[in-house]
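So the chains spell out like this:
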Amino acid sequence: MIFNRIHIDGFGTWRDLDLEELDPGLNVLLAPNEGGKTTLMTFIRSVLFGFRRRSDPQRYEPLRGGKHGGHIDFEAEGDYYRVARSADGTSPGSMHISDKDGSSLPEGKLADLLRNTTDVLFENVFAFGLTELQRLDTLQKEEVAGHIYSAGMASGGQDPIGFRQWLRKERDRLYLPRGRKQAVAEKLLEIGALQKEIDPLQQLPEEHATLLQQGRSLGERLAEVDLIIAARQSQLDAARRAQRAWRDYEDLLAAESALKALGVPLTAAGGEPAKTKTDAGDGQENVASPGTRPNPETSDPAELLPPSQRALLRESGRIRTLLAAAPRLRELRAAIQKGLTDADTANVALQTHLKDLGKGWNAERIRTRATGLKEREKIRQFAEEMRQVESEIESISGRAAEAHDGYETIVARRDPVSREAVMLTWALAVALTFISAVVVPPVARLVTTSAVGTIGAMTGIIMMWLRHRGRQQMRNERLAAADRETTMWAQHEDAQQSLREIEDKWQAWLKSQGLDVDLGADGALDLLDRIREAQEQDRRHGESSANAAKATSELTVACGRVNALFESLHRDQISLQVGLQEAVEPLLGELEALQAELEAAEDQGMRLRTVVDQYAQARAALRAVAGEEGPEALRTRLESLDPDQIERQVQDAEGEVAAASAQRDGLNEQLGGVRERLAHLEGDAELSDLLQAREEKRSELTGYLEEWAVHTVAGVLFDLAKQVYEEQRQPEVLKLAGRYFEAMTNGRYSRVLAPLGETRLEVEEKKGGRRKGPEALSRGTSEQLYLAMRLALAAVYANQAVPLPLVADDILVNFDDRRAASAATLLGDFAAEGHQVLAFTCHSHLAEVFTAQVPGAKLILLPKPV
Amino acid sequence: MQPFSFLHCADVHLGAPFRGLTNLSPELGAHLRDAPVAAFTRLVTAAVEHKVAGFIIAGDLFDAADRNLRAQIKLRDQLVRLHEAGISTFVTAGNHDPMGGWLSSIRYPESVHFFGSEVSAIPLVRDGETLAHVYGVSFNRPEVKENLAAGFPVEPEGPFSIGVLHASVGDRSEHAPYAPCSLQDLKFRRFDYWALGHVHKRETLHGEKPVIHYPGNPQGLHINETGPRGGTLVKVTSGGSVSLTPIWSDVVRWHRLRTSIEGVQSIDDLLGVFSQTASAIVGEASECLHILRWTLTGGGPLHSELHRPEAGHDLAETLREEHASPAEPGTVWVEQLDLATRAERDMRSLREQPDLLGDLLRLAEEIRSSPPAPPEHEIGTGNFFGLEPESSAAVRDAVAELLEDRRVLAALGRDPWTIADWPRLIAAAESLAIKWLASGED
């Protein structure tokens, strides 16, 4: 788009301004201050894009009359056009576009020709003054910035900056060099913690070795302590033995002393050939040969008594037996006296009885006379038989008298059935027959009458038979009574005969007995009684005499025995000649004296036995207590001790044993602990587990490291790619801007670039490649940068969309001469490339710079506004 | 000469923890903890069952740095078993269990022979007859850089000679170059068998006299020790010829699985793929607990779903619940799920675009082709000669901020630069950049 002519009807201070034949290249418009340069610039923009709002000072209502607006004639795409803008009551005013022939064109034609360039873009890129040049933000508007930064950054408009930030964030999340909260740091801490657990476990081998050593040394110490304990225990045992033996030892001493008192040598009492101090002092050597030494446990200590006592003890059985018979002796003595007395008494009574029995009776006859039960029974038998026969005779006599009386009675008795009775019966039968013939009705009369008659007749017959039979019976009874009486008398006779026979037998028996045949039964019995009385006295006499004789004999034997005992004891015998009965008491007295001696001997024996027993027991007890030490050694030891000393020894030894045992227990406990710990160490899997756990953590750490490394590698790759991009893929705008900037700064700066993904600019010094942002540049240099940016944008826009005239207002004022010249040259070159430039200035020297540097530049002196 | 056999193992690392695992359940933790001991126990059991004459341990029986008493007690228990079975044990110390690292407090059976820091020979005797001479040498410090093979005689004593050596034989950049020696150093000496240790991967360097053999380690300890692990049963015939039989002893077996999501339409399909693989793995060794790292690669419709936040974690949890709940022998426990998938877009076209992302991806490619070396390893790299691209240097310098942090070094217990797996890091960074900077589809 080339402006050929600009005409203002009325716009701000301008009225009817007409700028004709504008150069398609560089136009330098010189106007003094307040010369309406800015108004003219605004006019161009307003014609193309519309008036500003009414409140906007840049609306530039006409101050000096004329219609608000004007037109611009321009050439575009080979054709000529006019665009006019005038106020029509609306804010932007009305636009009219027409072709070179004046034909109106649709309103949209302008936008087409402008390639939809916006007001903002135009204002910031194509129409700018010093103010805009000093402010970067005028290039940051979206429409503009898009042209600078976005091109070629990434395909599809992804978010590279977001990616870089995310990588950094992820990386920082995992690790920061001195961070403590990051994943890697936490893992390091965890591993550190595990390591702290592992470290002591890895010292276990040392502990193991130390423990083994400890165990060995403890074992050795235990063995030593065991030896000490054994020694102390042995001492304690000896002391306790002494303690236990003390009593027996005292008993032994007592027994020995008693034996001595009893006069028994110790050897005889079963003792060893003692070597006690006392014995040694006495110089006695009671040596008994082992073969003859009596065994105190089995031999009789009585052997140790004097012979007389031993003899007594030997005869003790006899002495006691004889003494036990003392009552018997006394009984025998009494029995002899009684027997003699009784015999005398019985003899006197016998003589009396013999005299009473009469002549012919003497002791011999009496002794041969049987008076026993048999004879008495015989006598009673005879008496009984005679009494029975007499009683029978009497009874038969009575019954014969009764039989006679019976006969007489039968003879006197009458006929039992009388004649009158027979007659009466017959009469009654006839009467009844008659009555029945009259009274009974005729029908039954025949029968009844005949029946009554028959009955009556039969009754009479019976009565007649009865009378006949009664007479027969009476006859028979008389005959029987007579027979009975006869029989009775015959029996009476037989009884009389029997009585006589019995009396004969009685007399015969008396005779056979040598007794008086006239004696009755009672008399005979009485005689027998008296004989018997005599016999009794005779027997008593004999018996008593015999008793006395027997006792005498027995006593004689007993006394003989006592004397025999005395004899065996070599004692004087008692004379039995003086009479047995008188000898009994002295004999017994001697015996009792003997018994007293015996008891004394027995007591002595008993005492001896006790002492010997005590001696043996004490010796056995000592032997038992002494054990391996031996009784002699023990005794020797005891002799030098007393119970207090022993007690002290026991206590001391006990204390030592207890102390040593406690030491042993302590050592055992320590050893147990060591062994337990060793077993634990050897089987402990904790280290293995921890090592595995540490490996796990290390794996996790490795995972984080890898993740971090991936992000880091990605970050490095991104940064490198960005660098490549920034170096090789900057937008065309920046490349061009760099070239323009380099030209304007006379080669001080070589590049203008926008860091990747950022909407800011940096410049790079040609020498050293140092980059700096615009804020680091001087005012002039930064204005040069922004000028370069605008030129570049304009150029690129021309290529991409449409070339638009560049309207610049006094942009060189802050440049030094050299750079101003360079800038002028650049603008000239830029214009020469087909970009129309309208450069306003109020400084004639700057206008001269332009004209000097750009020979083809057209200088236009703006008229003073009316 | 009497035929006999011996068992050769190395690098048992008793008591060493498993590396690179997280989120272990207590049961799984306990199982892993005891795994090296269990593996060693299996070897001892095999030795007893095969009635071997000798048991040779070529270094790194445990990790001395761990100072794990329990591990050494367990070791002693197993050595006692060998002793009771009448088997002589020959032990050399390696870089992880140098001579000073053995606990003096533990008494080992008299049939256990420890080699010193000078080469010595110990006869292997059975029933009064010398079957072989076993030569060996131990590390007397963790970092032995000299050639220990040089100390072995050229003409060893018979009737059969075994050299026990913990060493890095040949050019092995992936292993610390301790006691380095060449294959020729070993071949030159007229041994019948070289029992090597240090390299954890089973390998026979020379199959004929002298047989030179690494049995590998009895138990893989991390994801880089995949596949079956164990020791070697060496049978020697009366003629002196040698046959090697692997004795697998691992109780935990590591696996890597890579699956492309190309054409996979749903997560269920993906799970199905996993189930098939898991069954196959368990079928091979049901007595082992299997630990697997699954890497999903390629581009496909599942990519965006898999890259949802927490999606990877959720998927891994699902797999653990389905296949290893509880984690025990005969199950497959997913240790890690690596999502290395990409969207179905053409990286090349993205890289060629003349924009920021294009620039970034081109730079990434540049670094990938010339990855940065850690600072102390600069010698011998392009950087030293000033040939390293600026981009690589910039990446290294940036990462150094953390990886050079002394606290990290202390906590990790190893060189933090080992985590700088550049291709992985760069791929992940690219993925992030594409997500943020690429327009359109994703």
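Conventions used here
- Residues numbered from 1 in each chain as written.
- Chains lettered and ligands numbered in written order.
- Predicted model: local features only at pLDDT ≥ 70, side-chain atom pairs only at ≥ 80, totals over all residues.
- Heavy atoms only, no water.
- Buried < 20%, exposed > 50% of the residue type's maximum accessible area, 1.4 Å probe, protein only.
- Helix = DSSP H or I, 4+ residues; strand = E, 2+ residues; numbered from the N terminus.
- Pairing = 2+ DSSP bridges.
- Right-handed = clockwise from strand over helix to strand, strands pointing away.
- Expected span 1.5 Å × (residues − 1).
- Contact = heavy atoms within 4.5 Å.
- Axes fitted to C-alpha atoms, helices over the stretch in contact; angles between N-to-C directions.
- Parallel < 35°, antiparallel > 145°, perpendicular 65-115°, else oblique.
- Left-handed = near helix turned anticlockwise from the far one by under 90°.
- Nonpolar A, V, L, I, M, F, W, Y, C, P; charged D, E, K, R; others polar.
- Core = buried A, V, L, I, M, F, W, Y, C linked by side-chain atoms within 4.5 Å.
- Polar contact = N/O pair within 3.5 Å; in protein donor to acceptor, adjacent residues only side chain to side chain.
- Phe/Tyr/Trp six-rings, centres within 6.5 Å; stacked < 30°, edge-to-face > 60°.
- Lys NZ or Arg CZ within 6 Å of the ring centre and 35° of its normal.
- Salt bridge = Lys/Arg side-chain N within 4 Å of Asp/Glu carboxyl O.

(A) Up close: the pairing of strand S14 (residues 289–299) of chain B. All names here are of chain B. Burial of S14 is extensive: eleven of the eleven residues sit out of reach of the surface. Pairing of strand S13 (residues 252–260) with S14, which is carried by nine bridges, proceeds in the parallel orientation. Pairing of Ser 260 across the sheet is with Thr 297, part of S14. In this fold, the crossover linking S13 to S14 by way of helix H4 (residues 267–284) has right-handed handedness. Looking at chain direction, S14 and strand S15 (residues 332–342) are connected through ten bridges and run parallel. Paired with Leu 292 across the strands is Val 334, a residue of S15.

(B) Just helix H6 (residues 311–323) of chain B, in detail. Residues and elements named next belong to chain B. Taking 1.5 Å per residue as the helical rise, H6 with its 13 residues ought to reach 18 Å, and the 18 Å between its terminal C-alpha atoms agrees with that figure. Turning to H6, its buried residues are Ala 311, Gly 312, Leu 315, Ala 316, Leu 319, Arg 320 and His 323. Contacts made by the buried residues of H6 are with H4, S14, helix H5 (303–306) and S15.

(C) Seen up close, the packing of helix H12 (residues 326–357) of chain A against helix H17 (residues 521–568) of chain A. Residues and elements named next belong to chain A. Look at H12 against H17: their axes get within 7 Å of each other, and the N-to-C directions meet at 155°. With respect to H17, the axis of H12 lies roughly antiparallel. In this structure, the crossing between H12 and H17 has a hand that is left-handed. Within the contact of H12 with H17, the residues separate by chemical class into 17 nonpolar, eight polar and eight charged.

(D) Layout of the sheet that holds S15 of chain B. All names here are of chain B. Strand order in the open sheet formed by three strands is S13-S14-S15, with parallel pairing between adjacent strands. Single-partner strands in this sheet number two, and they are S13 and S15. The sheet shows a mean angle of 15° between the axes of neighbouring strands, direction not considered. The strands touched by H4 are S13, S14 and S15; relative to S14, the strand with the most contacts, the crossing angle is about 145°.

(E) Summary view of unusual backbone geometry. Here the amide bond leading from Gly 158 of chain B into Pro 159 of chain B is cis, since omega sits at 0°, within 30 degrees of zero. By the secondary structure assignment, Pro 159 of chain B is in the loop between strand S6 (129–136) and strand S7 (161–166). With a phi close to 65°, Asn 116 of chain A is a non-glycine residue in the positive phi region. Tracing the backbone shows Asn 116 of chain A in the loop between helix H2 (108–113) and helix H3 (119–126). We classify Asn 116 of chain A as exposed; its relative accessible area is 58%. The phi angle at Asp 127 of chain B is positive, at roughly 50°, despite the residue not being glycine. As for its position among the elements, Asp 127 of chain B is in the loop between strand S5 (120–126) and S6.

(F) Broad picture of the nonpolar core. Formed by 93 residues in total, the largest nonpolar core has its most connected members in Phe 3, Ile 6, Leu 40 and Phe 74 of chain A. The element that contributes the greatest number of residues to this core is helix H23 (residues 779–800) of chain A, accounting for twelve residues. Setting aside its immediate chain neighbours within four residues, Phe 74 of chain A contacts Met 1, Ile 2, Phe 3, Asn 4, Asp 79, Tyr 80, Tyr 81, Val 83, Ile 97, Leu 110 and Leu 113 of chain A. Leu 188 and Leu 756 of chain A together with Ile 367 and Ala 438 of chain B belong to the second largest nonpolar core, which has 52 residues in total.

(G) A look at H17 of chain A. An ideal rise of 1.5 Å per residue puts 70 Å on 48 residues; H17 of chain A measures up with 70 Å between its terminal C-alpha atoms. Looking one or two places after H17 of chain A, you find His 570 of chain A, whose phi comes out positive at around 60°.

(H) Seen up close, the side chain of His 7 of chain A. Residues and elements named next belong to chain A. Looking at where His 7 falls in the secondary structure, it is placed in strand S1 (residues 2–11). The exposure class of His 7 is buried, given its relative accessible area of 13%. Reaching out from His 7, the side chain makes a polar contact with the side chain of Asp 9 at a distance of 2.9 Å. Discounting chain neighbours no more than four positions away, the residues touching His 7 are Asp 16, Leu 17, Asp 18, Phe 43, Gly 70 and His 71.

(I) Seen up close, the packing of aromatic side chains. All names here are of chain A. Using the criterion set out here, one finds 29 aromatic pairs over all chains in the structure. For the ring pair Phe 11 and Tyr 60, a centre distance of 5.3 Å and an interplane angle of 45° mean the geometry is tilted. Remark: Tyr 60 occurs in the loop between helix H1 (37–49) and strand S4 (69–76) and Phe 11 occurs in strand S1; sequence separation between them is 49 residues. Residue Phe 11 is classed as buried on the basis of its relative accessible area of 0%. Taken together, Phe 11, Phe 43, Phe 51 and Tyr 60 form an aromatic cluster joined through their ring pairs. Above the ring of Phe 128, the side-chain terminus of Arg 790 is found at 5.1 Å from the ring centroid.

(J) The pattern of salt bridges, seen in detail. Residue and element names in this part refer to chain A. Counted according to the given criterion, the structure contains 72 salt bridges over all chains. Measuring nitrogen to oxygen at the nearest pair gives 2.4 Å for the salt bridge that ties Arg 539 to Glu 536. In this pair, Arg 539 and Glu 536 both sit in helix H17, three residues apart, roughly one turn of the helix. A salt bridge links Arg 751 to Glu 764, with the shortest nitrogen-to-oxygen separation between them at 3.1 Å. With a gap of 13 residues between them, Arg 751 in strand S9 (residues 749–753) and Glu 764 in strand S10 (residues 762–765) connect regions that are remote in the sequence. In this pair, the class of Arg 751 matches that of Glu 764, namely buried. Through salt bridges with shared partners, one network takes in Arg 5, Asp 18, Glu 20, Asp 73 and Arg 82.

(K) Expanded view of the pairing of strand S3 (residues 88–92) of chain B. Residues and elements named next belong to chain B. Across the five residues of S3, five count as buried, placing the element largely inside the fold. Here S3 shows no split at all, with Ser 88, Phe 90 and Thr 92 on one side and Thr 89 and Val 91 on the other all buried. Sheet topology places strand S2 (residues 54–58) next to S3; five bridges connect them, and they run parallel. Following the sheet pairing, Gly 54 is matched in S3 by Ser 88. In this fold, the crossover linking S2 to S3 by way of helix H2 (residues 69–84) has right-handed handedness. Judged from the three bridges that link them, S3 and strand S4 (residues 112–114) form a sheet pairing that is parallel. The partner of Val 91 across the bridge, within S4, is Phe 114.

Such coordinate-based values are descriptive only and should not be taken to indicate function.
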